[in-house]
Amino acid sequence: MAGIVEQTSTISRPSRLCAVRSTLRVVGPYLVLVLAIAPFVFPLYWLGTAVFKPSSSLLQLPIEWWPKTWTMKNLNELFQTQGSNILQYAKNTAYICLFVTVATTISSSLAAYAFSQVSFRGRDALFWTVIVTLILPTWVTIVPQYELYRWLGWLGTLRPLTWPSLVGDPFTIFLLRQYMRGIPRELGEAARIDGANEFQIYLRIILPTARSALAVAAVFAFVQSYNDFFTPLVYLNNEQNYTLALGVYQFVQLHGAPDVAQILTYTALVVTPLIVVFAIAQRWIVNGIRLTSWK
Amino acid sequence: MTVERRPLSSRPFSRNDAGVSRKTGRRRSVIARRNLRTGLLFLTPWLTGVLVLQLYPIVATFAYSFTDYNGLTFPPHWVGFKNFSQAFASEDFWTAVRNTLWWTVISVPVGLAVALALASLLNRKLRWGGLFRTLLYLPSMVPFIGAGIVFAWLFNPVGGPVNVILGFFHLPQPGWFISPGSAKPGLLFISLWEIGPTMIIFLAGLQSIPAELYEAAAIDGAKTWRRFLNITVPMLSPTLFFNLILGMIGAFSFFAQVLGASAAANNTGSQTGSMHLGDPNNSTLLYAVYVYQQMFQNFSFGYGAALSVMLTLVVALFAAILFRSARRWVFYYGEEH
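Residues numbered from 1 in each chain as written. Chains lettered and ligands numbered in written order. Predicted model: local features only at pLDDT ≥ 70, side-chain atom pairs only at ≥ 80, totals over all residues.

S.K.: Before we move on, could you go through the overall build of chain B and cite the residues and values that matter?
M.R.: In terms of helices and strands, chain B carries 13 helices and zero strands. For chain B, the α and β elements follow one another from N to C terminus as α-α-α-α-α-α-α-α-α-α-α-α-α. Among the 337 residues that make up chain B, the fraction classed as buried is 39%. For chain B, long-range pairs separated by at least 24 residues make up 72% of all intrachain contacts whose partners lie at least 6 apart in sequence. (Helix = DSSP H or I, 4+ residues; strand = E, 2+ residues; numbered from the N terminus. Buried ≥ 20, exposed ≤ 12 C-beta atoms within 10 Å, placed from the backbone. Contact = placed C-beta atoms within 7 Å.)

The following block contains the structure:
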């Protein structure tokens, strides 16, 4: 910005047109950005205010851009409505997310260590397998997986959503491996000379060095498992076990237009935890995404 | 920013970092064997997962695709290519293929263009840039199912704010998620709303382009457009390639938003009756939705398996084309070929 100001002041005969142009060059990008941002922010604003609007005003014209009266009625009613079960679903979701976050991060870091810090024959071919499983459509594995879980007696429990995370997740492995490649082998070598075994090197040297990447991986695993709609839809057939994502979908299907206020309130409550996570972990999330892009 | 700046030459599959240090032959083989053992030991959980939850299921799915399996009678009957011919004869199948083709061809390029445009704006080092980035990224944190529901209400033809705004400017007001002609464009807006990750990846790519290149071009008198074409595009090609792959995966697995939007739109009171996947009038019957319907509503596992085998082959073909063509147009700066 300073450069532009300097540029215009050095012009010998500053005409008015020139001044208008230079202001436009400074303000223009901001104008474009604000216009571009409006559609991104508006849906969230709309959802957030709908929670506190009286349900009668939601389907009415003219539209209420800003709530005339604020009410807590929607929230109160939602928690009392039969079938909203929101507290039970929140409990299930919390359990699943915590299990998956911890298990995915640990198990994926083991694989990422092998893919980045150990050299062995066939390693690159195996790493290609990670990429392939990342691209593979869910559909081509879902039926036999479903049968496997049925055979194990897991249908109707939360296990099909939690236990598979014990074997790691290709995206997390990819992310952690990208980071761990940047850790010099000499760190491990030095410890090895001091008598550390391979597992100690992994635990005491590599994991602490990669802790920022582990935090990123954990946040991603949490968000992904919270967001997951498909897996619960397929495996959870007992209402007591529903997650929030599945619960809100069922609520929408059972309740129609008269309950629009409650549907939107439910949705807002399901959305809020991830917005909070983003507020806390924004820097990790943004940097983590950069980490994934491969070069 | 605490982003690790890696040298530009470090690609995921460089050939020279798997080598073992030069020692005597025997010592090398001892180390190699020890490393193999260590590597496999650390890979045990992952390998178990690949074998049990990926490899076996893929083989089984391919086998099921030639049977009439319904999940109950085992072993199922071998029916040869009947599932495939049944698909080719089915109207719904072709609707799903057409919808998915439309979706992929439109949503991926439009998404990339919007993400790149936003990233370029953010790359201009504006004041409050961090805030702008946060606001643009925030919608991507909304769970997909929630996004579908919210958009069904935003685009609700009766009193939804979008159509009120369109009406104010005397523009046509489509029925969006309750009208077959405009449901897919409605879905497009959902996917654009959640473009954040793609935008961030582009932004990182833009920021890694050395400023000297632009300075040199400016000295040579290159105009903005030429600089974009001759510097930004080639320098950004690895990022573009990466986002293209991600976009393709995302387009083929677009699912929760569709169900959320059609369920919520169905209950706005504009339509009656329970929700049918693909509503309105099969216009949102994307391939993923169709496979789900066949597998887990009709429990036609054999037919569903055939559908997913075809999808996998198409995805493999797309991926192969992308990876092959990448050699021509993806340019790694500072690396010799």
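S.K.: Mind laying out the overall build of chain A, listing which residues take part and the relevant values?
M.R.: A count of helical and extended segments in chain A gives 14 helices and zero strands. If you list the helices and strands of chain A from N to C, you get α-α-α-α-α-α-α-α-α-α-α-α-α-α. Computed over C-alpha atoms, the radius of gyration of chain A comes to 26 Å, more than 25% over the 19 Å expected from 2.2 N^0.38 for 295 residues, which places it beyond the range of a compact globule. Viewed in the frame of its principal axes, chain A has a C-alpha envelope of about 70 × 70 × 35 Å. (Rg over C-alpha atoms; globule rule 2.2 N^0.38 Å.)

S.K.: Explain the confidence of the model for chain A residue by residue, including any values.
M.R.: When pLDDT is averaged along chain A, the result is 86, and 93% of the positions lie at 70 or above. Counted against residues more than four places away or in other chains, residues 1-12 of chain A, with its pLDDT under 50, gives eight contacts. (pLDDT = per-residue confidence, 0-100.)

S.K.: Go over the interface of chain B and chain A, please, and point to the residues and values.
M.R.: Residue-level contacts link 92 residues of chain B with 80 residues of chain A. Split by residue class, the side of chain B that touches chain A holds 66 nonpolar, 22 polar and four charged. (Nonpolar A, V, L, I, M, F, W, Y, C, P; charged D, E, K, R; others polar.)

S.K.: I'd love a proper account of the packing of helix α4 (residues 86-117) of chain A against helix α11 (residues 211-227) of chain A, names of residues and values included.
M.R.: All names here are of chain A. It is the contact of α4 with α11, at a shortest axis distance of 8 Å, that shows an interaxial angle of 140°. Viewed along their axes, α4 and α11 adopt a mutual orientation that is oblique. Viewed along their axes, α4 and α11 form a crossing whose handedness is right-handed. Packed against α4, whose contacting residues are Thr93, Ile96, Cys97, Val100, Thr101, Thr104, Thr105, Ser108 and Ser109, the element α11 presents Leu214, Ala217, Ala218, Ala221, Phe222, Ser225 and Tyr226 at the interface. Partitioned by chemical class, the residues of the contact of α4 with α11 number nine nonpolar, seven polar and no charged. (Axes fitted to C-alpha atoms, helices over the stretch in contact; angles between N-to-C directions. Parallel < 35°, antiparallel > 145°, perpendicular 65-115°, else oblique. Left-handed = near helix turned anticlockwise from the far one by under 90°.)

S.K.: Go over unusual backbone geometry, please, and point to the residues and values.
M.R.: Residues and elements named next belong to chain B. Even without glycine at this site, His170 takes up a positive phi of about 55°. Assignment of secondary structure puts His170 in the loop between α6 (161-168) and α7 (183-193). What makes His170 exposed here is the crowd of 7 C-beta atoms within 10 Å.

S.K.: Break down the confidence of the model for chain B for me, citing the residues and quoting the values.
M.R.: Residue and element names in this part refer to chain B. On average, chain B scores 85 in pLDDT, and the residues at 70 or more come to 88%. Below a pLDDT of 50 lies the segment residues 1-21, which in the model reaches 27 contacts outside its immediate sequence neighbourhood of four places, other chains included. For residues 269-273, every residue scores under 50 in pLDDT, and the model assigns this stretch seven contacts once sequence neighbours within four places are set aside.

S.K.: Please set out the environment of Ser212 of chain A residue by residue, giving values where relevant.
M.R.: Residue and element names in this part refer to chain A. Tracing the backbone through its elements, the reader meets Ser212 in helix α11. The exposure class of Ser212 is partly exposed, given the 17 C-beta atoms found within 10 Å. Sequence separation between Ser212 and Gly288 is 76 residues; the distance between their C-alpha atoms is 9.1 Å.

S.K.: Outline the environment of Phe74 of chain B, listing residues and values.
M.R.: Residue and element names in this part refer to chain B. Looking at the secondary structure, you find Phe74 in the loop between α1 (25-64) and α2 (82-89). Taking the number of C-beta atoms within 10 Å as the measure of exposure, Phe74 has 8 and is therefore exposed. For the pair formed by Phe74 and Pro234, sequence separation is 160 residues and the distance between their alpha carbons is 55 Å.

S.K.: I'd like to hear about the environment of Gly71 of chain B, residue by residue, with values.
M.R.: All names here are of chain B. In this fold, Gly71 is placed in the loop between α1 and α2. Gly71 sits 228 residues away from Phe299 along the chain, and the two C-alpha atoms are 6.8 Å apart. Contact partners of Gly71, with chain neighbours within four places excluded, come to Phe299 and Phe301.

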